[in-house]
Amino acid sequence: MNYQLLIESYSLGSSLSEQEIELLNLELETQIMNINISTNFGCFKSAPSHVCEGLNLKKDTYWIMCLAQLLDLHKPPQFGKTKSVEVFDLLLEKGLVIG
């Protein structure tokens, strides 16, 4: 299943299995690795407002940030930065968001 569909299903109230969470984690790692190749991937497009709202994020949040937020909700770090902060810092560094 497409990661965006998993995020959308979750934002509408569905639960995720451990396997789906692991797949989403791999997807985020892949997106982070590919950020140096191109910023034209779908993960840099804004998620629909109902998805952002379901994850308590601002309207027009990028898909990659929605993915990071979902993972933070399911697997919060025991120490260090959250995935959301790591991704935001990377987007800031690449000039894709304004701090």
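Please refer to the structure higher up on the page.
Caption draft 1: The arrangement of the pattern of salt bridges in detail. Taken as a whole and assessed by the stated rule, the structure comprises 2 salt bridges. Between Glu22 and Lys75 there is a salt bridge, and its shortest N-O distance comes to 2.5 Å. In this pair, Glu22 is assigned in helix 2 (residues 18-34) and Lys75 in the loop between helix 4 (63-74) and helix 5 (83-93), connecting sequence segments 53 residues apart. Since its relative accessible area comes to 34%, Glu22 is described here as partly exposed. Salt-bridge contacts for Lys81 lead to Asp89; the nearest nitrogen and oxygen are separated by 2.8 Å.

Caption draft 2: Focus on unusual backbone geometry. Positioned with a positive phi, Asn56 is a non-glycine residue whose angle comes to about 60 degrees. Tracing the sequence through the fold places Asn56 in the loop between helix 3 (49-54) and helix 4.

Caption draft 3: Expanded view of the packing of helix 4 against helix 5. Following both chains from N to C, one finds helix 4 and helix 5 inclined at 160 degrees, their axes separated by 7 Å at the closest point. Between helix 4 and helix 5, the crossing angle belongs to the class labelled roughly antiparallel. Contacts from Ile64, Met65, Ala68, Gln69, Leu71 and Asp72 of helix 4 reach helix 5 at Lys83, Ser84, Val87, Phe88 and Leu91. For the contact of helix 4 with helix 5, the per-class residue count stands at 7 nonpolar, 2 polar and 2 charged.

Caption draft 4: Spotlight on helix 5. All buried positions along helix 5 are accounted for by Ser84, Val87, Leu90 and Leu91. End-on, the buried residues of helix 5 take up no more than an arc of 130 degrees, which puts them together on one face. Its buried side turned inward, helix 5 meets helix 2 and helix 4. Directly after helix 5, the chain includes Gly95, whose backbone phi takes a positive value near 75 degrees.

Caption draft 5: Region of the structure containing the side chain of Asp72. For Asp72, the position within the fold is in helix 4. Buried within the structure, Asp72 lacks any salt-bridge partner; Lys83 is the closest side chain of opposite charge, at an N-O distance of 6.3 Å. In contact with Asp72, not counting residues within four places along its chain, are Thr82, Lys83 and Ser84.

Caption draft 6: Structural context of the packing of aromatic side chains. Scanning the model with the defined rule gives 2 aromatic pairs in all. Centre to centre, the rings of Phe44 and Tyr62 are 6.4 Å apart; their planes meet at 90 degrees, and the pair counts as edge-to-face. Residue Phe44 is located in the loop between helix 2 and helix 3, and its partner Tyr62 is located in the loop between helix 3 and helix 4; the two are separated by 18 residues in the primary sequence.

Reading guide: rules and limits
Residues numbered from 1 in each chain as written. Predicted model: local features only at pLDDT ≥ 70, side-chain atom pairs only at ≥ 80, totals over all residues. Heavy atoms only, no water. Salt bridge = Lys/Arg side-chain N within 4 Å of Asp/Glu carboxyl O. Helix = DSSP H or I, 4+ residues; strand = E, 2+ residues; numbered from the N terminus. Buried < 20%, exposed > 50% of the residue type's maximum accessible area, 1.4 Å probe, protein only. Axes fitted to C-alpha atoms, helices over the stretch in contact; angles between N-to-C directions. Parallel < 35°, antiparallel > 145°, perpendicular 65-115°, else oblique. Contact = heavy atoms within 4.5 Å. Nonpolar A, V, L, I, M, F, W, Y, C, P; charged D, E, K, R; others polar. Arc of directions from axis to C-beta. Lys, Arg positive; Asp, Glu negative; His and termini not counted. Phe/Tyr/Trp six-rings, centres within 6.5 Å; stacked < 30°, edge-to-face > 60°.

So yeah, pure geometry; function would need other evidence.
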